[in-house]
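Breakdown of the fold
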Amino acid sequence: MWETDVPLATLTRYRIGGLAPRFARLETMADLLDAVRSMDGLEYRVLGWGANVLVSDRGVSEPVLTLTGEFDSVRLSEHAMEAGAGAGLPALVGDARRGSRTGWEFLEAVPGSVGGGLRMNAGSVDVGVWDRVLWAEAATPAGELIRMSPADARPTYRSVDVPGDWVFTAASFEAPAGEAEKVHAAHLERRRQKIESQVYELPTCGSIWKNPGPPHGSAWEVVDRAGMRGAMHGGAQITERHANFIANLGDATAADVLWLMSETRRRVADMEGIWLQPEICLWGFDAEELDSVGAAA
């Protein structure tokens, strides 16, 4: 089950980061429950598609788990969709589109896994994936399976009130039938908007900062006003097309990205009087590094 010294850069969209000392690709529920029980109280990390993760150049010290096999599935029923946490959000959205199910265009062109989407309440500014959840299931460190409702998870913008060491395993989502032509048109329009306004041709982690909200506006706006659009450090750049994205130009390090984040946060604080909060997950960084970008240790 366990692999050693696995390079996490190959498993994240950023293509950045060091090694995981122990890494398990879990294909069945039995594998997962055995793995979490074997930790015996030790910390571990769960990696989906790595779409929202920046890994330190030093790597991480904790074991890393990822879900494959039976967890990579999507099934449509009459009014719902059920998906394993290892399935991709593009697969979920694609099945909704092909099945003419309404209300899923908000996740068009969003990368990542279903489990990761549940953990961060992925979606748009107005709609999160938990707005569609009927129930979700997670494994606890004790090896118990807990089924929860949105009221139990208490989702907010880009987060849920679910312990970080619980591993999402599956969920059922609302998926009412709609008119095929209207569903397809809504998805195509959403995809067009995303591709025109965001960066897909270079490795990125999507939006770096949470939106600060009124009266400051979106995160990209405050980054732009701080003069950081297009700024570069080493092999990383705040993209011209979208000022809330930092791209790996080919040889970026985690230190390059962190420098741009820290400098942006400092400049925004000086100009706007607010401290930006990261939307991405930062793995393997020390307390000082995390504090420089406003992330919790």
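This structure is a prediction, so every number in the text was calculated from the model and none was measured. Residue numbers here run from 1 along each chain, matching the order of that chain's written sequence. Given that the model is predicted, a residue must reach a pLDDT of at least 70 before its local features are reported, and side-chain atom pairs must reach 80 or more before they are shown or counted; all residues, however, enter totals for whole chains, interfaces and linings. Derived side-chain values reflect all non-hydrogen atoms in the structure, with water molecules and hydrogen atoms excluded from consideration.

1. A few points about the pattern of salt bridges
Defined as follows: Basic side-chain nitrogens of Lys or Arg form a salt bridge, by our definition, when they fall within 4 Å of a carboxyl oxygen of Asp or Glu. Helix and strand definitions follow DSSP, with helices as H or I runs of at least four residues and strands as E runs of at least two, each counted in order from the N terminus. Relative accessibility under 20% of the residue-type maximum defines a buried residue, over 50% an exposed one, and the middle range a partly exposed one, all with a 1.4 Å probe and only protein chains included.
On inspection of all chains with the given rule, the structure shows 18 salt bridges. A salt bridge links Glu289 to Arg58, with the nearest nitrogen and oxygen atoms 2.7 Å apart. Here the residue Glu289 occupies a position in helix H8 (residues 287-292), and Arg58 occupies one in the loop between strand S4 (53-55) and strand S5 (64-67), the gap between them amounting to 231 residues. Here Arg154 makes a salt bridge to Asp161, at a shortest N to O gap of 2.3 Å. Looking at Asp161, the relative accessible area reads 43%, which means it is partly exposed. Connected through salt bridges with shared partners, the residues Glu263, Arg266, Arg267 and Asp270 form a single ionic network.

2. Describing the environment of Arg190
Tracing the sequence through the fold places Arg190 in helix H5 (residues 180-197). A relative accessible area of 22% places Arg190 in the partly exposed class. It is 30 Å that separates the C-alpha atoms of Arg190 and Val167, two residues lying 23 residues apart in sequence.

3. Observations concerning the layout of surface pockets
Under the convention used in this document: Only protein atoms enter the 1 Å grid used here, on which a cavity is any set of points holding a 1.4 Å probe that cannot leave and a pocket is any open set flanked by protein within 12 Å on both sides along at least five of seven lines; residues with an atom within 4 Å of a point are listed as lining. Grid points are joined across faces, edges and corners, and a volume is the space filled by probe spheres set on the points. In the scheme used here, Gly and all other residues not listed as nonpolar or charged are polar, with Ala, Val, Leu, Ile, Met, Phe, Trp, Tyr, Cys and Pro taken as nonpolar and Asp, Glu, Lys and Arg as charged.
The volume enclosed by the second largest pocket comes to roughly 150 Å³. Contributing to the lining of the second largest pocket are Pro90, Val93, Gly94, Arg97, Leu107, Glu108, Ala109, Val110, Pro111, Arg191, Ile195 and Tyr200. Listing elements by their share of the lining of the second largest pocket, those giving two or more residues are helix H2 (89-98) and H5. Element by element, the count of residues in the lining of the second largest pocket is highest for H2, at four residues. When its residues are assigned to classes, the lining of the second largest pocket shows eight nonpolar, one polar and three charged.

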